[in-house]
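Fold and contact review
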Amino acid sequence: MLKRIESLRAEASAAIAAAPDAVALEELRVRHLGRKSELTRLLRGIAELEPAERGPVGAAANAARAALEGELAARRERLEAAEIEGSLAAEAIDVTLPGTPPVAVGHLNLLTRTRREIEDVFVGLGYRVMEGPEVEHDFYNFTALNHPPGHPARQAQDSFYIDPETLPEAVVNERGLPPGPTDVLLRTHTSPMQVRGMEAQRPPLFIVVPGAAYRRDTIDATHLPMFHQVEGLAVAEGISLADLAGTLDHAAKALFGPERRTRLKPDYFPFTEPSVQVDVSCFACDGSGRLAGGERDPLCKGTGWIEILGAGMVDPNVFGFVEDGYDPETTQGFAFGMGIERIAMLKHGIPDLRLFVESDVRFLEQFA
Ligand code: DAH
C-alpha cells in the first residue's frame, strides 16, 4: 500500500511538473486529488484497513496529498507568471516606432522653396546671402535710395510707419538719425539692404537679400500687404550693364528653363540709372503670344514676354549715401529686385496671391 502511494505521488508529481498550462494543471488536480482520484479513495478506505496499517498508510497518503497540493500551487504560480510575461512581450509597444497610420511628414512651403532656388542660382555665381531688418529707417528705405523727402516715388509705396516712441533706443539712434514720427517704417522693399550691404562690406560686393516687405495695399489677387523679394547687388570695378544683362539672363534660364530668352526694357527707379525691366520669353507660348490652337496666350497677354524683375545700374547718388564714402567716380555696380511670390506664381501657374496666406493644405500639398 505504501509503495502504491509512493508511485501515485511520483506519477502525479512528474505530470504536474510537465503541465503546459493552467487548463492541463486543473485536469491533473481533478485526476490525482479529486473526489474520484485513487488517493482520495484510498484515504476514505483507511478505516477498513488492518489497525496496524491505518497509521502509516494514513500518514503517507496525507503527506503525498499535501506535497502534491504544494507542487500544484507552485506550478500554477509559475505558469501564471510565464503567461503574464508572454503577453507583456507579445503586446509590447515600441513608442519610438512611427504611429499607424504614420504621420505625414511636412514639407517646405512653396515660398521657402522658391526663395532657396533663387538663392542657389546666385550662390552658384559667387554671391553671398545677406539678410536685413524688416523694421527700417526711412533713411535706408527711401532717402539713401535717392528718394528725398517729398519725392513722388515714396507715395507709390504706401508705407506702414512706426511710432519711434515704441522702438528700443538702439534702433532709433543707430545711425544718429533725427527722431520723428516718420523716421521708422516697415520696409517697402528689400532695396534698403543695398546701402546697408555696402556699409557692411567694401567692394567687390556680390550679395542677394531675401526677405519680407510691406505696403499699405488693399488685398486682391495680385496684392498683399506683406510679400517677399530678393534683392541683388553687384559692386566691383568695371561692372557694366552687360554684366547685368548676362547675369539676369543666366538667372532666368536657371529658374524658368534653358530655352528661355530675356530682354531689357527701359524703366524708371530712383536708385538706378539707367533702370531696366527684365522680361523673360513666355513659357506658355514660347514667346509667340499664341497658344497651339491659335488663340491669344492669356499668360503673357499675347506679347510673348513676361516681366520678372526690375534692375539697373546703381545711381551714383546712392554710392554717395554710403557711410564712409563710396566714390561714385570709380565705383560701379548693378542692382535688381524680384518678387518671390511672383516668380513662384509664374513658375507654377498660381492664379491668386491670396493662396499663399490661406493655409489651405490642398494648395500647399501640391508643392511637396
Ligand atoms: N525695389 C524695387 C521695388 O520694390 C525693385 C527694384 C527695382 C530693385 C530695381 C532694384 C532695382 O534693386 O535695381 O519695386
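Residues numbered from 1 in each chain as written. Predicted model: local features only at pLDDT ≥ 70, side-chain atom pairs only at ≥ 80, totals over all residues. Heavy atoms only, no water.

Looking at the sheet that holds strand β3 (residues 161–162)
- Read across the sheet, three strands follow the order β2-β4-β3 without closing on themselves; strand pairing throughout is antiparallel. A single partner strand is all that each edge strand has here, and the edge strands are β2 (135–137) and β3.
- The pairing of β3 with strand β4 (residues 184–186) spans two bridges and is classified as antiparallel. The residue of β4 that forms the bridge with Tyr161 is Leu185. (Pairing = 2+ DSSP bridges. Helix = DSSP H or I, 4+ residues; strand = E, 2+ residues; numbered from the N terminus.)

A few points about the packing of aromatic side chains
- Per the counting criterion, the structure on display carries 11 aromatic pairs.
- Aromatic pair Phe139 and Tyr140: ring centres 5.2 Å apart, planes at 80 degrees, arrangement edge-to-face. The burial state of Phe139 is the same as that of Tyr140; both residues are buried.
- On the numbers, 5.2 Å between centres and 70 degrees between planes, the contact of Phe363 with Phe367 is edge-to-face.
- Within the aromatic cluster, the residues linked to one another by ring pairs are Phe122, Tyr127, Phe206, Phe334 and Phe336.
- Geometry around Tyr140 places Arg196 over its ring, the cationic atom sitting 4.2 Å from the centre. (Phe/Tyr/Trp six-rings, centres within 6.5 Å; stacked < 30°, edge-to-face > 60°. Buried < 20%, exposed > 50% of the residue type's maximum accessible area, 1.4 Å probe, protein only. Lys NZ or Arg CZ within 6 Å of the ring centre and 35° of its normal.)

Some points on the side chain of His189
- Note on placement: His189 falls in the loop between β4 and α9 (192–200).
- Here Ser191 takes part through its side chain, which lies 3.4 Å from a polar atom of the side chain of His189. (Polar contact = N/O pair within 3.5 Å; in protein donor to acceptor, adjacent residues only side chain to side chain.)

As for the packing of helix α2 (residues 22–33) against helix α4 (residues 51–90)
- Taken N-terminus to C-terminus, the directions of α2 and α4 make an angle of 175 degrees; their axes are 10 Å apart at the nearest point. With respect to their mutual orientation, α2 and α4 come out roughly antiparallel. Contact residues: Ala22, Leu25, Glu26, Arg29 and Leu33 in α2; Arg65, Leu68, Glu69, Leu72, Arg75, Arg76 and Leu79 in α4.
- Among the residues making up the contact of α2 with α4, the classes are represented as six nonpolar, no polar and six charged. (Axes fitted to C-alpha atoms, helices over the stretch in contact; angles between N-to-C directions. Parallel < 35°, antiparallel > 145°, perpendicular 65-115°, else oblique. Contact = heavy atoms within 4.5 Å. Nonpolar A, V, L, I, M, F, W, Y, C, P; charged D, E, K, R; others polar.)

A few points about the domain arrangement of the chain
- Annotation of the chain at the domain level lists domain 1 (2–90) and domain 2 (110–367).
- Here the C-alpha centre of domain 2 lies 93 Å away from the C-alpha centre of domain 1. (Domains from an automatic or database assignment.)

Examining a negative patch on the surface
- Side chains of Asp21, Glu27, Glu77, Glu80 and Glu83 sit close together on the surface and give a patch of like negative charge.
- Its location among the elements puts Glu27 in helix α2. (Patch = residues over 30% accessible without salt bridge, like charges linked within 9 Å, V, L, I, M, F, W, Y side chains within 5 Å. Areas by Shrake-Rupley, 256 points an atom, 1.4 Å probe, with all protein chains shown as cover. Salt bridge = Lys/Arg side-chain N within 4 Å of Asp/Glu carboxyl O. Lys, Arg positive; Asp, Glu negative; His and termini not counted. Charge placed at Lys NZ, Arg CZ, Asp CG, Glu CD.)

Quick look at the pattern of salt bridges
- This model, assessed by the stated rule, comprises 14 salt bridges.
- Measuring nitrogen to oxygen at the nearest pair gives 2.8 Å for the salt bridge that ties Asp352 to Arg354.
- The structure contains a network of salt bridges with shared partners spanning Glu259, Arg260, Arg261 and Asp286.

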